[in-house]
Amino acid sequence: MGSSTRLEGKIALVTGASRGLGRHIAAALAAAGANVAVNYAYSVQDAEETVRLITSAGGSAFAFRADITSEGEVSELIERVEKHFGGSIDILVNNATGPQPMLSIEESTWQTYLDQLDFFVKAPLLLAKAVLPGMKVKREGSIIHIGSEVVQIGNANFSSYVTAKASMVGMTRSWASELGPHGIRVNLVAPGWIPVERHEGVSTEGYQAGVPLGRVGEPADIANAVVFLASSESGFVTGQCLSVNGGNTFGI
Ligand SMILES: NC(=O)c1ccc[n+]([C@@H]2O[C@H](COP(=O)([O-])OP(=O)(O)OC[C@H]3O[C@@H](n4cnc5c(N)ncnc54)[C@H](OP(=O)(O)O)[C@@H]3O)[C@@H](O)[C@H]2O)c1
């Protein structure tokens, strides 16, 4: 992706940006001019590599460790980011994920559901509560949830993940209604299968045969959609779910 000045001066926080989609989203936001907080929980070297990729391309980024499912760590994270970049956060991308186990209903427990809700409901709520005061003062902000096409597909043996991702859709719409009057937009990007490091060696052949555009996605496909939703080019778009999956599903 080439560089631009669309997000010049903005401060963005991308959760789970040490690898996978988060790394590419962070890089794309930085290439558009944003100062990017690269969040991670465990993989410090990978997070530093994301920062190195961004800064060696002339962008602005810094790595911040925090478990985004922990209330105390989230409020400390936001304080550190805002102190480091000297301003309040303009763009929040809720991207981080923990393990996503495939489990039948019989194998599932309330805890396996809670594990997914921790990432896709609790963490976005904690983060939003911490960034909203700054966004409300500025009367501007963009919150972007990374959802999934699984909400439309309803994959079997995956109900804890599917349920938690579906909750993000409700959150997107309710928050958009509540925050619109404050100039804050809330949208969701729903990726199809986008192979990242954790999918190495897995064949995409069967999946892509069913995709109208005939391929799996690339991380840049998601990153481009996030930059659009973060920028004023989407200034009249809120409460929307944008599927980025080559037409594998329609609507949410
Ligand atoms: N890739 C796909 O095909 C696909 C499809 C649909 C939706 N999605 C969604 O896209 C998002 C990114 O997926 P991905 O495939 O890029 O995942 P990934 O490669 O597994 O990366 C997950 C990221 O989350 C971080 N993380 C894990 N636990 C954390 C915690 N407690 N606090 C903060 N960060 C934490 C990891 O960093 P550390 O190791 O440093 O903790 C890592 O940077 C997820 O929401 C996923 O559900 C992905």
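So, here is what we can say about the structure in this document. These figures come from a predicted structure and were not determined experimentally.

The rules behind these values
As a convention, each chain's residues are numbered from 1 in the sequence order in which they are written. It should be noted that, the model being predicted, local features are given only for residues of pLDDT at least 70 and side-chain atom pairs only at 80 or more, the latter also being counted only at that level, while totals for whole chains, interfaces and linings use all residues. As a rule here, side-chain values cover all heavy atoms of the structure and leave hydrogens and water aside. Numbering of helices and strands starts at the N terminus; helices are DSSP runs of H or I of at least 4 residues and strands are runs of E of at least 2. Taken over C-alpha atoms, the radius of gyration is set against a globule rule of 2.2 Å times the number of residues to the power 0.38. Throughout, a contact is declared for two residues whenever any of their heavy atoms are within 4.5 Å. By the counting rule applied here, Lys and Arg register as positive and Asp and Glu as negative, while His and the ends of each chain are not counted. One atom stands in for each charge, and that atom is NZ of Lys, CZ of Arg, CG of Asp or CD of Glu. Multiplying 1.5 Å by the helix residue count minus one yields the expected span of that helix. Accessible area is worked out with a 1.4 Å probe on protein chains only. A residue is then buried under 20% of its type maximum, exposed over 50%, and partly exposed in between. Note that the arc is defined by the directions from the helix axis to the C-beta atoms. Two N or O atoms form a polar contact when they lie within 3.5 Å of each other; inside protein one atom must be a possible hydrogen donor and the other a possible acceptor, and for residues adjacent in sequence the pair counts only when both atoms belong to side chains.

## Notes on the overall build of the protein chain
Part 1: Helix and strand counts for the protein chain come out as eight helices and seven strands.
Part 2: Since a compact globule built from 252 residues should have a radius of gyration of about 18 Å, the 17 Å found for the protein chain is in line with a globular shape.
Part 3: Within the protein chain, counting contacts between residues at least 6 apart in sequence, those at least 24 apart form 73% of the total.
Part 4: Of the side chains in the protein chain, 18 bear a positive and 24 a negative charge, and the two mean positions are spaced by 7 Å.

## Focus on unusual backbone geometry
Where the residue is not glycine, phi is negative for most of them; where a peptide bond is considered, it is trans in most cases.
Part 1: Phi is positive for arginine 139, close to 55°, though the residue is something other than glycine.
Part 2: The residue arginine 139 is located in the loop between helix H4 (110-138) and strand E5 (141-146) in this model.
Part 3: Positive phi is not limited to glycine here, since asparagine 157 has a value of about 60°.
Part 4: Note that asparagine 157 resides in the loop between helix H5 (150-153) and helix H6 (159-179).

## Focus: helix H2 (residues 44-56)
Part 1: Spanning 13 residues, H2 covers 18 Å between terminal C-alpha atoms, matching the ideal 18 Å at 1.5 Å per step.
Part 2: By the burial criterion, the buried members of H2 are Ala47, Thr50, Val51 and Ile54. Summarising the axial view, the buried residues of H2 lie within an arc of 95°, below the 170-degree limit, and thus occupy one face. In H2, the exposed positions that point more than 90 degrees away from the buried face belong to Gln45 and Ser56.
Part 3: Along its buried surface, H2 packs onto helix H1 (20-31), strand E2 (35-40) and strand E3 (60-65).
Part 4: Phi for glycine 58, located one or two positions after H2, is positive at around 95°.

## Quick notes on the environment of asparagine 245
Part 1: In this fold, asparagine 245 is placed in the segment after strand E7 (241-244).
Part 2: With relative accessibility at 9%, the residue asparagine 245 sits in the buried group.
Part 3: Separated by 51 residues in the primary sequence, asparagine 245 and isoleucine 194 place their C-alpha atoms 8.4 Å from one another.
Part 4: Here asparagine 245 is in contact with Glu149, Pro191, Gly192 and Val211, once residues within four sequence places are set aside.
Part 5: Within the structure, asparagine 245 has its side chain in polar contact with the side chain of glutamate 149 (distance 2.9 Å).

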